[in-house]
Amino acid sequence: MADIESEEVKNLQIEFEWLMKAEVHAILKKLRELLIECAIRFPVPLYDNEGKRTEKYHLVASQDQLKCSVTLTGDSITQADISYKIKRTSNQIQRTCITSDAPWKLQQVQDAANHLQQAKNHIDNIDENYNFRSAEEVLQIIGELVAALQRGRSSLLIPKKRSIEDLMKGRNMKSLSPNLPEDQAISFFLQCHKLVIAVYQLLNVQGTVKMEATQAECSVGWLNEVLVLFTVALTLCQQLKDKINAFKTDVLS
């Protein structure tokens, strides 16, 4: 019985050494390929992709309360025609636009691209012939990769919450021509695979200030593909982490 257990431990040790020497590098190589595939889909210069792309979208809210045509170039809205109904009146329409002279910056795109670059840098810093010394060393690298990938994905999935005051004072509001009345604000943001425009209006209802919001959205093809690749890369990281931890339990305990 002892001989059998000893043989099992020996075989596990051999498997673990092979994992550390060969399989970890193979998975890191696959991860790097995934990250490059992800980068290619970004509309901004990243690795060896083509750089800025120009795409046009139309966003319409129900009952035509809000209409917007948008030209997205890279990580900026370089043209937009926006019209929406004023809540405090019955038929009045507010119109404004964005021109290439003062583009509206979508910071989420650049943030996600930066985190993706960080993830790739973690892999590029490891020589392909490097011999990992311990499970902990590999787990640390995986942890750094996962953190960068999660930050990148979250940048696109979850827009930062901002108060109506911050929105009204934001630098992007200066992109609008003509300027909006002081009780109105506009926000463009990415959420999951969609580009969203939100219009905020402050209304005085019987002495109480109330905020009304209207949104319109459209699907953005490259966003969906990027999020899928982020998720696949994170899944691959988790699988490697689980395998390392399993060997830690069986071999090193």
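These numbers were taken from a predicted model, which means no experiment stands behind them.

So, about the sheet that holds strand 7 (residues 184-191). Note: strands within a sheet are paired through backbone hydrogen bonds, in either parallel or antiparallel orientation. Across the sheet, which stays open at both edges, the three strands sit in the order 7-8-9 with antiparallel pairing between neighbours. Two strands bound the open sheet, and with one partner strand each, they are strand 7 and strand 9 (208-219). When strand polarity is set aside, the average angle formed by the axes of neighbouring strands in this sheet is 20°.

The next point concerns the pattern of salt bridges. Applying the stated criterion across every chain, the model contains 11 salt bridges. Ionic pairing is found between Arg-32 and Asp-124, a salt bridge with its closest N-O pair at 2.7 Å. Here the residue Arg-32 occupies a position in helix 1 (residues 2-40), and Asp-124 occupies one in helix 2 (residues 107-124), the gap between them amounting to 92 residues. For Asp-124, a relative accessible area of 35% puts it in the partly exposed group. One salt bridge in this structure joins Arg-41 and Glu-225, with 2.9 Å as the shortest N-O distance. Highlighted residues: Arg-41 in the loop between helix 1 and strand 1 (54-60) and Glu-225 in helix 5 (residues 221-250), separated in sequence by 184 residues. By sharing partners, the salt bridges in this structure join Arg-32, Lys-120 and Asp-124 into a single network.

Here is what the cut-offs are and how they apply
Residues numbered from 1 in each chain as written. Predicted model: local features only at pLDDT ≥ 70, side-chain atom pairs only at ≥ 80, totals over all residues. Heavy atoms only, no water. Pairing = 2+ DSSP bridges. Helix = DSSP H or I, 4+ residues; strand = E, 2+ residues; numbered from the N terminus. Axes fitted to C-alpha atoms, helices over the stretch in contact; angles between N-to-C directions. Salt bridge = Lys/Arg side-chain N within 4 Å of Asp/Glu carboxyl O. Buried < 20%, exposed > 50% of the residue type's maximum accessible area, 1.4 Å probe, protein only.

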